[in-house]
Amino acid sequence: MPKCIFCKIIAGEIRSTKVYEDNVAVSFLDIRPEAAGHLLVIPREHYRWVWDIPNIGEFYDRVGKIANAQRKAFNTEQIISRVVGEDVAHAHVWLIPATNGASRTYTYKPGETEEVAEKIRKALE
């Protein structure tokens, strides 16, 4: 199977703004965010659906860790999560901070993506 776009991001063949990476999961800013800090969390190994991940609990431990870092970074209680898979055939979870003024589209200002990513990285420490 040819590598999917997310597999290429994991391999470093496509640039992304990563905020978390380990042997189980990779998380990066969405290129079409619904709010500042909208992330995707994907398994490092290619699985078509989240439900196909053999140790789903280990994966969701990472999802929870990242969502809690977003809560801290954006000073919000609510992180909207969606298990999706229609657009890219690689299991993924969306994590979207529910902040005041959040809409269904968000455009980063120049340089803002790295600021937002760093804010989440610091909250992960």
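Preceding this paragraph is the structure being described.
Residues numbered from 1 in each chain as written. Predicted model: local features only at pLDDT ≥ 70, side-chain atom pairs only at ≥ 80, totals over all residues. Heavy atoms only, no water.

A.B. asks: Would you mind showing me how to read the sheet that holds strand 1 (residues 18-21) here?
C.D. replies: Two pairing modes exist for strands in a sheet, parallel and antiparallel, and in both the strands are linked by backbone hydrogen bonds. Judged by pairing direction, the sheet is antiparallel, and its five strands sit side by side in the order 1-2-3-5-4 without closing on themselves. Among the strands making up the open sheet, the edge pair consists of strand 1 and strand 4 (79-84). Going across the sheet, the axis of each strand differs from the next one's by a mean of 20°, ignoring polarity. Judged from the three bridges that link them, strand 3 (residues 39-43) and strand 5 (residues 92-97) form a sheet pairing that is antiparallel. The residue bridging Leu39 from the neighbouring strand is Leu95, located in strand 5. (Pairing = 2+ DSSP bridges. Helix = DSSP H or I, 4+ residues; strand = E, 2+ residues; numbered from the N terminus. Axes fitted to C-alpha atoms, helices over the stretch in contact; angles between N-to-C directions.)

A.B. asks: Is there a simple way to think about the environment of Ile96 in this case?
C.D. replies: Positionally, Ile96 belongs in strand 5. Judged by relative accessible area, Ile96 falls into the buried class, the value being 3%. Along the primary structure Ile96 and Trp51 are separated by 45 residues, whereas in three dimensions their C-alpha atoms are 21 Å apart. Ignoring anything within four residues of it in the chain, the contact list for Ile96 reads Glu34, Ala35, His38, Gln70, Gln78, Ile79, Ile80 and Arg82. (Buried < 20%, exposed > 50% of the residue type's maximum accessible area, 1.4 Å probe, protein only. Contact = heavy atoms within 4.5 Å.)

A.B. asks: For this particular structure, what's the right way to read unusual backbone geometry?
C.D. replies: Most of the time, phi is negative for any residue but glycine, and the peptide bond is trans. Backbone geometry places Asn75, a non-glycine residue, at a positive phi of 50°. Its location among the elements puts Asn75 in the loop between helix 2 (56-74) and strand 4.

A.B. asks: What is the right way to look at the packing of aromatic side chains in this model?
C.D. replies: Each pair of aromatic rings is reported with the distance of its centres and the angle of its planes. Enumeration according to the criterion identifies three aromatic pairs in this entry. Summarising the aromatic geometry, the rings of Phe6 and Phe28 are spaced 5.6 Å apart at their centres and angled 70° between planes, so their arrangement reads as edge-to-face. Separated by 22 residues along the polypeptide, Phe6 in helix 1 (residues 5-10) and Phe28 in strand 2 (residues 25-29) bring together distant segments of the chain. With a relative accessible area of 6%, Phe6 lands in the buried category. Relative to Tyr60, the ring of Phe59 lies with its centre 5.5 Å away and its plane at 90°, an arrangement referred to as edge-to-face. Positioned above the aromatic ring of Trp49, the side-chain terminus of Arg48 is 3.7 Å from the ring centre. (Phe/Tyr/Trp six-rings, centres within 6.5 Å; stacked < 30°, edge-to-face > 60°. Lys NZ or Arg CZ within 6 Å of the ring centre and 35° of its normal.)

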